[in-house]
Amino acid sequence: KPLFLSSPVPRSTLSASRATSPKMAMRGLTQFIGDIRNCPNKEEERKRVDKEMANIRKHFKEATKLTAYSKKKYVWKMLYIYVLGYEVDFGHMEALNLITCPGYPEKTVGYLACVLLLSETNEFLRLIINSVKNDLMSNNDEIQAIALACVANVGGREFAETLTIDVQRILLSPKSRPQAKKKAALCMLRLLRKYPEGFGEDGVGGIPEFKDRLLDLLEDTSLGVVTATTSLLLGLVSHSPSLWVEAVPKCCKLLSKLTHPNAINEYGAEYVYHKTVNPWLQVKILRLLQYYPPPEKEEVQRKLEDALSKIINETTMQKHVNANNAAHAVLFEAVNYVIHLETNKTLTAACVNMLGQRITSAQQPNYRYLSLDAMQRMSHLPDAAEQFKKHREMVIASLRDNDVSLRRRALDVLYSMCDNLNSEQVVGELLDYLKTADFSIREELVLRVAILSERFSPNLKWYVDTILKLMMSAGDHVGDNIWMRVVQIVTNHDELQLYAAETCFRALSKEPVHESMTKCGGYVLGEFGHLIAHRPASSPEAQLALLRDRFHQCEQPNTRQLLLTALAKLLNVHPSIKDAILPILKRSTTTIDAELQQRAIEYLALAQPGREGTLEAVLDVMPNFPERESILTKQIKERERASTTDRTAAQVKAGGNKEEVEPEPVEVVPVELDAKSSKTSTSVPSAARPGQSPPAAAAGPAQDLLDFSDPAPPKATSYSGSVDLMDDLLGGPAAPAAKAPVASAGLMDDIFGGPSAPPPAAAAAAAA
C-alpha cells in the first residue's frame, strides 16, 4: 500500500510557504501538542481536548473568514485529536475544502484528513472526485503522488470506476516520472484487489495496448518501477494466468540479470540490500513464475536454471541477521519454484542437500521451520523422497524441539515421509513420542498415526495392534472416528475377526482402560466374541464378567449404550448366560438415560420365551461396510485447507477453490435394528450368521455410526414381515419404503401383548 507522505515536499513550495507564513509557523499546533503531552492524567487531557475542540468548532462556524493557513492549522489539530483516539464528528467539509487549494501543504492536509476520517462509503467522497481527477492530471509529481495515495487508501467503487483510466494513464505514460509510476502501479493493484470486475474479463479493462505497454515496464531503467510493476502483474496473473503468458520470458531474463555477478555494478548500490540485489523483486518474480509451466524456449529455460542454481548453491549462512533474511527469502522462494517444476532432477537434488544443511546447522529456528516445511512439500517428488530419508533422524529429533511450531512441522514431514518400507519404524517413533508429546499437538499426532497405520500397514494384525496401543496411551485424544474405522476394517475382513476378538479381550482385561478402548472392545466382542468362546480363558461367562465390569465403570452414556447392545448380542449367541444378563437389562430400565432405558426395554421384550427367532433376526451379525475413503483422511484434508485473498499458484494449478459436490441424500428404509441406536437409521437387512452367505444388499447398517455417506442412495427392498416390528421397536412409524411390504400378521402382538394397529390399506378395506 502506498505510504501517504513518502514523497518529499518541493523546495519551491516550502520557500513560498515560509514567505507567506508568520515566523513561528504552526505555533498553535506545537503548543497544543506540548500541552497534551504535559497533562498529568487522562482527565486533564480530556479537558484540554474538549477546550480545543470547542475552539475549532467556533472558528469553523465562520469558515469563510478563515485563511488557508488557519484552516490548515485547525485541521492538523483535529487530526491529532483523532489519532489520540477521540471522536471527531465535525469539520469534515472544511478539511476536504483544503484539497481544492492550489498549494501542496494545504492539499497534503486535506488528503490526509480524507484518508483518516472518511471511509469508502462516505458521501463526502463524491464531492472531491473532480478535485482528485484534476490532481491526477497535474504536471506536479508530488501532487500526483498524494492523489494516488488517497485513491489507493480510501477509494471506493465510485473512485475505481471514475479514476482507473487516469491511474492507468500515469502508469503507462512515457512522460511520467518513476516516482509517479511506482505509486500508480501500487494504486492499480489496490483497485484490482478491491474491484476485480472493473478490469473486465481480459484483466486489462478493455484497453488492448495496456497489456503490451505494461509488460514493457519490466524493462524500465528504474528498478523501483520494475518492482511495483511486478507486484501489479502478480495480482493480475493470480486472477487470469492465461492472459499474461508473455511475461514469463521477460521475468526469466530479469531474474538472470539480477543474479548475475555484475548486477551490483549494473543497477547500483541503491538497490543492493546486504549484498543481495533487490531481494523483493527476485521473490516476486519467482512467485509469478510458479503460475506457469517451465519456459518452452531452450535459451530462456537455460537462463532460468542457471539463475536458480546460483541462488540455491551460492546462498550461505552469514553472521548478519538482515543479510541472512534477505538471501534466504530469495532462496526459499526458489525452492518453491523447484517444487513447482517437479521434473528437474538436478535442481531437486540441490534443494535436498541445501535443506538438509539448514536443518542440521542452522541455529535460527525460522530457517529450520522453513526447511521442514519445504521438505514436507517436496516429499511427493520421488527423487526427493528417497533422499529425505537420510535426514530422518534429524527430523525425529525436531519432534522434541522447544518450539511447538517446529514440532508440528516435523510431524508433517514424518507423515509425508512414511511409506510401505519404513512405516513400522516411523509409526513406532511417533508412538514413543506420543508418551511425552505436548498436549497441544497430541490430537493431531493421534490422527496422523491412525492414518499412517491404515495406509501403510504391512498386515492387518499390525494395524489392529497399533490402534489399540494408540487408544491405551492417548485415549483422551482418540476420537470416535478412529475406533469406528477399526470396527469397519475388522468387520470387512473375516480373517482378522478372530485376532481382533482375542486382542480386544486381552486389552479390556488390563487396567486402566480408556473409554475409547472400551467402545472398540465392546463392539468387537459383541460381534465376534463367539469366535473365542470355546477357550476357557475367554468363555462366554468370562466375556460377560468383563463387559459387565466395564459397563459399571464407564462414565459416558454412549459407552454404556454400546455395551448394553454387546451384552444383548451375547445373550443371543449364548443362551446359557441369559439369566446373568437379564438382571443388568432390568436395572437399566429405570436409568435416567432415556436412550439406555429404551434399549433395555426393547432387549428385554426380545428376550422373552418363545421369541428366539425374532431375537436372532434383530441381533444378528452386522454385514460388511461399503468401501469408501476413510473419514480420517477427509479430516486431515480439511485441516490442511487454507484460504487466501489472492489465489496462490498452487490453487490455480489445482483448479482453484472449487466447492465439493455434496453427496445425494440417502433414502431412509425401515429395516432391522441398528447396533448403535434404536432410532430409525439408514441401514440394510442384517447379515447372515457365520458360515452363511451375506444378503445381496449389504450397504452398511452402521453408516451413521461411522459417519460414512453413500453417494448413491440404496434401493428400497420389499420385506415380508419387518415393518410392524420396527414400528413398535422404534417407538413410532418408520418412513415408508418405495414398495409396500406385506403386512405382518400380528408379530408384535405376541411380544408386547396387545393388538397392533392395522396397516392403512387393510383398515380402508375393512371399512369398505
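All of these numbers come straight from a predicted model, not from anything done at the bench.

What counts, and at which threshold
Residues numbered from 1 in each chain as written. Predicted model: local features only at pLDDT ≥ 70, side-chain atom pairs only at ≥ 80, totals over all residues. Heavy atoms only, no water. Helix = DSSP H or I, 4+ residues; strand = E, 2+ residues; numbered from the N terminus. Buried < 20%, exposed > 50% of the residue type's maximum accessible area, 1.4 Å probe, protein only. Contact = heavy atoms within 4.5 Å. Salt bridge = Lys/Arg side-chain N within 4 Å of Asp/Glu carboxyl O. pLDDT = per-residue confidence, 0-100. Phe/Tyr/Trp six-rings, centres within 6.5 Å; stacked < 30°, edge-to-face > 60°. Lys NZ or Arg CZ within 6 Å of the ring centre and 35° of its normal. Disulfide = S-S within 2.5 Å. Patch = residues over 30% accessible without salt bridge, like charges linked within 9 Å, V, L, I, M, F, W, Y side chains within 5 Å. Areas by Shrake-Rupley, 256 points an atom, 1.4 Å probe, with all protein chains shown as cover. Axes fitted to C-alpha atoms, helices over the stretch in contact; angles between N-to-C directions. Parallel < 35°, antiparallel > 145°, perpendicular 65-115°, else oblique. Nonpolar A, V, L, I, M, F, W, Y, C, P; charged D, E, K, R; others polar. Core = buried A, V, L, I, M, F, W, Y, C linked by side-chain atoms within 4.5 Å. Expected span 1.5 Å × (residues − 1).

## Observations regarding the overall build of the chain
For step 1, the next point in the chain: The number of helices and strands found in the chain is 39 helices and 2 strands.
For step 2, the next point in the chain: Here the chain holds 768 residues, and the buried ones make up 52% of them.
For step 3, the next point in the chain: Considering only contacts in the chain between residues 6 or more positions apart, those separated by 24 or more positions represent 68%.

## A word on the pattern of salt bridges
For step 1, the next point in the chain: For the structure shown, the criterion picks out 33 salt bridges.
For step 2, the next point in the chain: The partner of D35 in a salt bridge is R48, and the shortest N-O contact between them spans 3.2 Å. Of this pair, D35 sits in helix α2 (residues 27-37) while R48 sits in helix α3 (residues 42-60); the two residues are 13 residues apart in sequence, bridging distant segments of the chain.
For step 3, the next point in the chain: A relative accessible area of 23% places D35 in the partly exposed class.

## Re the confidence of the model for the chain
For step 1, the next point in the chain: Chain-level statistics for the chain give a pLDDT mean of 79 and a share of 79% at 70 or above.
For step 2, the next point in the chain: The low-confidence segment residues 642-647 (pLDDT under 50) makes 12 contacts with residues lying over four places distant or belonging to another chain.
For step 3, the next point in the chain: Contacts from residues 656-768, a stretch scored under 50 in pLDDT, to residues over four places away or in other chains number 186 contacts.

## Topic: the packing of aromatic side chains
For step 1, the next point in the chain: Per the stated rule, a full pass over the model turns up 4 aromatic pairs.
For step 2, the next point in the chain: Ring geometry for F60 versus F90: centroids 6.4 Å apart, planes at 70 degrees, classification edge-to-face. Taken together, the residues F60 in helix α3 and F90 in the loop between α4 (68-83) and α5 (92-97) connect sequence positions 30 residues apart.
For step 3, the next point in the chain: Judged by its relative accessible area of 10%, F90 is buried.
For step 4, the next point in the chain: Taking the ring centre of F439 as reference, the NZ or CZ of R442 above it sits at 4.5 Å.
For step 5, the next point in the chain: In this arrangement the basic side chain of R560 is found over the ring face of F551, its NZ or CZ atom lying 4.5 Å from the centre.

## Things to note about the state of the cysteines
For step 1, the next point in the chain: Counted by the stated rule, this structure contains 0 disulfides.
For step 2, the next point in the chain: Cysteine C520 remains unbridged, with the sulfur of C504 as its closest cysteine sulfur at 4.6 Å.

## As for a nonpolar patch on the surface
For step 1, the next point in the chain: Together, Y82, V83 and L84 make up an exposed nonpolar region whose accessible area comes to about 240 Å².
For step 2, the next point in the chain: Structurally, L84 is set in the loop between α4 and α5.

## Focus: the packing of helix α24 (residues 439-455) against helix α25 (residues 460-473)
When two helices pack together, their arrangement is given by the angle between their axes and by how far apart the axes lie.
For step 1, the next point in the chain: Viewed as axis vectors pointing N to C, α24 and α25 meet at an angle of 170 degrees, and their least axial separation amounts to 9 Å. Judged by the inter-axis angle, α24 sits roughly antiparallel to α25. Judged by residue contacts, V446, V449, A450, S453 and E454 of α24 engage W462, Y463, T466, I467 and L470 from α25.
For step 2, the next point in the chain: Here the contact of α24 with α25 is composed, by residue class, of 7 nonpolar, 2 polar and 1 charged.

## Some words on the environment of L544
For step 1, the next point in the chain: Examined against the element boundaries, L544 turns out to sit in helix α29 (residues 540-553).
For step 2, the next point in the chain: For L544, a relative accessible area of 4% translates into the label buried.
For step 3, the next point in the chain: In this structure the C-alpha to C-alpha distance between L544 and G526, which are 18 residues apart in sequence, comes to 10.0 Å.

## Some words on the nonpolar core
For step 1, the next point in the chain: Ranked by size, the top nonpolar core spans 190 residues in total, and within it L214 and M378 carry the most contacts.
For step 2, the next point in the chain: With residues near it in sequence (within four places) discarded, L214 still touches L171, L172, T229, L232, L233, L236 and W244.
For step 3, the next point in the chain: Ranked by size, the runner-up nonpolar core spans 26 residues in total, among them Y80, I81, F90 and C101.

## What about helix α26 (residues 480-492)?
Each α-helix turn comprises 3.6 residues. Residues three or four places apart therefore point the same way.
For step 1, the next point in the chain: Along its 13 residues, α26 runs 18 Å from first to last C-alpha, staying within 8% of the 18 Å computed at 1.5 Å per residue.
For step 2, the next point in the chain: Where burial is concerned, most of α26 is hidden: 11 out of the 13 residues are buried.
For step 3, the next point in the chain: Here α26 has its buried residues at I482, W483, M484, R485, V486, V487, Q488, I489, V490, T491 and N492.

## Description of the environment of E454
For step 1, the next point in the chain: When you line up the elements, E454 lands in helix α24.
For step 2, the next point in the chain: On a C-alpha basis, the gap between E454 and R485 in space is 9.3 Å, while along the polypeptide they are 31 residues apart.
For step 3, the next point in the chain: Beyond its immediate sequence surroundings of up to four residues, E454 is in contact with Y463, R485, I489 and S630.

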